[in-house]
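# Architecture and fold: a report
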Amino acid sequence: MTDYNHAKIILEAKKLEAWFGDFQAVKGITVDYREKTINAIIGPSGCGKSTYLRCLNRIHEEIEGARTAGEVLLEGENIYDKKVDVVDVRRRIGMVFQKPNPFPSMSILDNVVIGLRLQGISKRSTLLETAESCLRKAALWDEVKDKLSSMGTSLSGGQQQRLCIARALAVNPPVLLMDEPTSALDPIATAKIEELMNEIKKDYTVIIVTHNMQQAARISDFTSFFHYGNMVEHGMSSNIFTNPKEKSTEDYISGRFG
Amino acid sequence: MMKLNYRLYRKTKNFAFLVLTLGSAIAVLIPLFMIIQFVLVQGASSLTLDFFTELPKPVGELGGGMKHAIVGTICLVILGAAIAVPIGVTCGIYLSEFRKSKLSKNLKLTVDLMSGIPSIVIGIFAYLMVVVPLKSFSALAGGIALSIIMLPIIIKTSEEILKLVPDHIREAGLALGLPRWKVILFVVLKGEISNLLTGIILAISRAAGETAPLLFTAFGNMYMSYGLNQPMASLPVQIYTYAISPYKEWQKQAWAGAFVLMVLILSMNLFARYILTKIKDKKGIS
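Scope of this entry: the structure provided in the associated data block. (Residues numbered from 1 in each chain as written. Chains lettered and ligands numbered in written order. Predicted model: local features only at pLDDT ≥ 70, side-chain atom pairs only at ≥ 80, totals over all residues. Heavy atoms only, no water.)

## So, the packing of aromatic side chains
What the rule picks out here adds up to 11 aromatic pairs over all chains. Judged by centre distance (5.1 Å) and plane angle (50 degrees), the rings of Tyr 52 of chain A and Phe 226 of chain A are tilted. Here the residue Tyr 52 of chain A occupies a position in helix H1 (residues 49-56), and Phe 226 of chain A occupies one in strand E9 (residues 222-227), the gap between them amounting to 174 residues. Comparing Tyr 52 of chain A with Phe 226 of chain A shows no difference in burial state: the two are buried. A network of ring pairs unites the aromatic residues Tyr 127, Phe 137, Phe 216 and Phe 219 of chain B as a single cluster. One cation-aromatic arrangement involves Arg 67 of chain A over Trp 19 of chain A; the distance from NZ or CZ to the ring centre is 4.2 Å. (Phe/Tyr/Trp six-rings, centres within 6.5 Å; stacked < 30°, edge-to-face > 60°. Helix = DSSP H or I, 4+ residues; strand = E, 2+ residues; numbered from the N terminus. Buried < 20%, exposed > 50% of the residue type's maximum accessible area, 1.4 Å probe, protein only. Lys NZ or Arg CZ within 6 Å of the ring centre and 35° of its normal.)

Written as structure tokens, this is what we have:
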């Protein structure tokens with residue numbers, strides 16, 4: 001078993017709460033994530049996992065009536081601090097969504113490099129290099145290298161999702177959030193994405209929400225179990241799945257509810 | 001027996017409904033084709049090459065054309081579009097991208113009301129605002145009047161087009177660490193430019209056929225004019241003037257004008273729709 005105790009803490013949530021209007025979806029989560037690990041969040045539908053994840057890069061606040069409280073520390077700095085630029089936060093904490101969402105009317109290449117291009121990087125060789133390395137990391141390069149100029153939306157669902165991963169990696173965020181990235185995909189595409197997650201783990205910290213417990217057990221180093229907006233249990237995945245401390249965690253992972 | 005009766009009843013109802021809907025559909029087409037046929041027969045027979053190259057001749061003289069009115073209409077429409085397009089598209093962006101704001105909700109109502117203003121009222125408005133202070137009918141006044149006709153159409157189509165862009169596309173842009181204005185301009189808008197153009201062409205084709213707003217703004221002119229501060233001829237006004245005249249020659253010219261105007265507007269419309277379908281094919285949306 002790998003020892004993570006010496007790994008640097010990169011992201012920390014402190015008493016993080018989130019609301020939609022009057023409804024409190026996330027009820028005070030405190031947890032830390034270590035660098036270059038995969039962290040799974042599991043729990044029944046509507047338990048606030050996605051909302052929690054969306055608080056970590058401040059995309060939650062884009063929804064009308066949404067608000068948050070508490071702190072999220074990225075490398076020790078609170079991203080909810082008034083002095084912090086939200087654009088900068090999102091550049092350092094990337095996100096992959098549940099539904100593959102490549103930008104329509106943009107080529108595969110443009111989809112990958114748009115983040116860099118709009119940051120003002122226009123040198124073609126740099127962009128091409130980044131595109132290739134990110135598409136390789138996303139295990140998509142071999143499938144698209146001959147058609148970089150075709151539309152991103154012309155790819156299959158699984159390829160589109162890997163394209164979205166490449167797009168997120170292109171801005172090189174140390175932390176990558178994934179909101180059920182494989183729930184819309186078939187088992188083969190899912191396997192490809194799990195494989196690539198193991199690869200990108202070498203350079204990035206991944207926090208992934210998933211409904212698939214086998215997936216969480218397979219790929220993650222740490223797992224948190226969420227229930228009714230609370231974090232019931234958090235720990236090494238090997239412990240959570242073999243020896244859960246809480247009764248509700250055990251019930252959930254053994255399929256007795258949820 | 002019961003069953004058979006019921007089936008017959010159901011089939012009859014079905015047939016009756018089909019006849020009703022099909023009948024209405026045909027009823028809509030009849031006036032359209034009659035207008036086209038009428039203008040085609042009357043207009044094409046009066047149309048000569050001179051129509052495009054000559055200025056009007058005095059009553060009694062044969063020949064002459066509406067070169068000045070064709071050029072005038074083009075100038076007025078370009079002027080109107082130059083005013084309406086930037087304001088309209090930006091306003092549409094505001095309505096779509098900042099739809100939560102209170103101003104946005106009020107603005108939407110205003111735009112809806114604006115599209116319901118009779119065009120003659122817009123003409124009077126432009127007359128009071130531009131013609132009276134400048135003490136002269138002018139192309140400028142006509143262009144402004146046309147831009148007010150175009151504005152609500154451009155705003156509405158831009159808003160609708162941008163609203164069709166799903167929110168997850170915006171979120172994906174924001175999640176890349178792009179500032180909102182860049183997401184709007186380079187992600188949301190970029191994919192929709194051709195659609196926006198279509199809306200603009202539709203607005204232009206609508207304004208190109210308007211007579212009322214031009215009657216006492218651009219006023220009309222029997223000679224070629226390019227000056228913004230001078231009265232300018234336009235096809236609709238020229239058609240109106242000629243059609244109500246008692247002279248047979250002029251009436252024929254009016255038919256020819258109507259034909260040219262109709263072809264102009266129809267082809268603009270068809271062109272816009274053609275682009276639209278092409279884009280949709282390319283995007284794979286039906």
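## Notes on the side chain of Ser 224 of chain A
All names here are of chain A. Relative to the assigned elements, Ser 224 resides in strand E9. Within the structure, the side chain of Ser 224 is placed 2.8 Å from the side chain of His 234, a separation counted as a polar contact. Beyond its immediate sequence surroundings of up to four residues, Ser 224 is in contact with Ala 40, Ile 41, Ile 42, Met 231, Glu 233 and His 234. (Polar contact = N/O pair within 3.5 Å; in protein donor to acceptor, adjacent residues only side chain to side chain. Contact = heavy atoms within 4.5 Å.)

## Digging into the sheet that holds strand E1 (residues 9-20) of chain A
Working definition: the strands of a sheet are paired by backbone hydrogen bonds and lie parallel or antiparallel to each other. Residues and elements named next belong to chain A. The strand order E2-E1-E4-E5 describes an open sheet built from 4 strands, whose pairing is antiparallel. With one partner strand each, in any of the chains shown, strand E2 (23-34) and strand E5 (77-78) form the two edges of the open sheet. Running at roughly 120 degrees to E1, H1 makes contact with E1, E2 and strand E4 (66-74) of the sheet. (Pairing = 2+ DSSP bridges. Axes fitted to C-alpha atoms, helices over the stretch in contact; angles between N-to-C directions.)

## Thoughts on a positive patch on the surface
On the surface, a cluster of positive charge is contributed by Lys 3, Arg 7, Arg 10 and Lys 11 of chain B. Within the secondary structure, Lys 11 of chain B sits in helix H1 (residues 2-46). (Patch = residues over 30% accessible without salt bridge, like charges linked within 9 Å, V, L, I, M, F, W, Y side chains within 5 Å. Areas by Shrake-Rupley, 256 points an atom, 1.4 Å probe, with all protein chains shown as cover. Salt bridge = Lys/Arg side-chain N within 4 Å of Asp/Glu carboxyl O. Lys, Arg positive; Asp, Glu negative; His and termini not counted. Charge placed at Lys NZ, Arg CZ, Asp CG, Glu CD.)

## Points about the interface of chain A and chain B
Opposite the 27 residues of chain A that make contact, chain B presents 19 residues. With both sides pooled, the region where chain A packs onto chain B buries about 2,100 Å², and carbon together with sulfur makes up 63% of that total. Considering only the side of chain A, the residues that lose the most area to chain B are Glu 62, Phe 103 and Leu 118 of chain A, jointly responsible for 27% of the buried surface there. Applying the counting rule to chain A against chain B returns 2 salt bridges. With a closest N to O distance of 2.5 Å, Glu 62 of chain A and Arg 180 of chain B form a salt bridge. Linking chain A with chain B are 6 residue pairs in polar contact (both at pLDDT 80 or more). The set of elements that each furnish at least two residues to the side of chain A that touches chain B consists of helix H2 (86-92), strand E6 (93-96), helix H3 (108-117) and helix H6 (157-170) of chain A. Tallied by class, the residues present in the side of chain A that touches chain B amount to 14 nonpolar, 6 polar and 7 charged. (Buried area = accessible area lost by both parts, 1.4 Å probe. Nonpolar A, V, L, I, M, F, W, Y, C, P; charged D, E, K, R; others polar.)

## Describing the pattern of salt bridges
If you walk through the whole model with that rule in mind, you get 25 salt bridges over all chains. Of the charged contacts in the structure, one is a salt bridge between Glu 132 of chain A and Arg 136 of chain A, with a shortest N-O distance of 2.7 Å. Taken together, the positions of Glu 132 of chain A and Arg 136 of chain A, both in helix H4 (residues 124-137) and 4 residues apart, correspond to about one turn of that helix. Note that Arg 206 of chain B and Glu 210 of chain B form a salt bridge whose closest N and O atoms lie 2.9 Å from each other. In this structure Glu 210 of chain B comes out as buried when scored by relative accessible area, which is 10%. Salt bridges linked by common partners bring Lys 8, Glu 35, Glu 75, Glu 77, Asp 88 and Arg 92 of chain A together as one network.

## Describing helix H6 (residues 139-163) of chain B
With 25 residues, H6 of chain B ought to run about 36 Å at 1.5 Å a step, and its terminal C-alpha atoms sit 35 Å apart, in line with that. Met 150 of chain B marks where H6 of chain B bends most, by close to 35 degrees; the proline Pro 152 of chain B follows one to four residues later. (Expected span 1.5 Å × (residues − 1). Bend = angle between axes of the 7 residues up to and from the residue.)

## A few points about a nonpolar patch on the surface
There is a patch of nonpolar side chains on the surface, built from Ile 117, Ile 120, Val 121, Ile 124, Phe 125, Tyr 127, Leu 128, Met 129 and Val 132 of chain B and spanning about 760 Å² of accessible area. Along the chain, Met 129 of chain B falls in helix H5 (residues 119-134).

## Some words on the sheet that holds E6 of chain A
Residue and element names in this part refer to chain A. The strand order across the open sheet built from 6 strands is E6-E7-E8-E3-E9-E10, with neighbouring strands paired in mixed fashion. In this open sheet, the two strands that pair with only one neighbour each are E6 and strand E10 (230-236). Strand-to-strand twist of the sheet, defined as the mean angle between neighbouring strand axes without regard to direction, takes the value 15 degrees. Direction of pairing for E6 relative to strand E7 (residues 175-179): parallel, over a ladder of 4 bridges. Across the sheet, residue Ile 93 finds its bridge partner in E7, namely Val 175. Those strands touched by H6 are E6 and E7, and its axis lies near 170 degrees from that of E6.

## Notes on the packing of helix H3 (residues 67-97) of chain B against helix H4 (residues 102-115) of chain B
Residue and element names in this part refer to chain B. Where H3 contacts H4, the two axes come as close as 9 Å, and the packing angle between them is 125 degrees. When the axes of H3 and H4 are compared, the pair comes out oblique. The element H3 and its partner H4 pack so that their crossing is left-handed. Contacts from Cys 91, Tyr 94 and Leu 95 in H3 reach Leu 103, Ser 104, Leu 107 and Lys 108 in H4. Looking at the contact of H3 with H4, its residues break down into 5 nonpolar, 1 polar and 1 charged. (Parallel < 35°, antiparallel > 145°, perpendicular 65-115°, else oblique. Left-handed = near helix turned anticlockwise from the far one by under 90°.)

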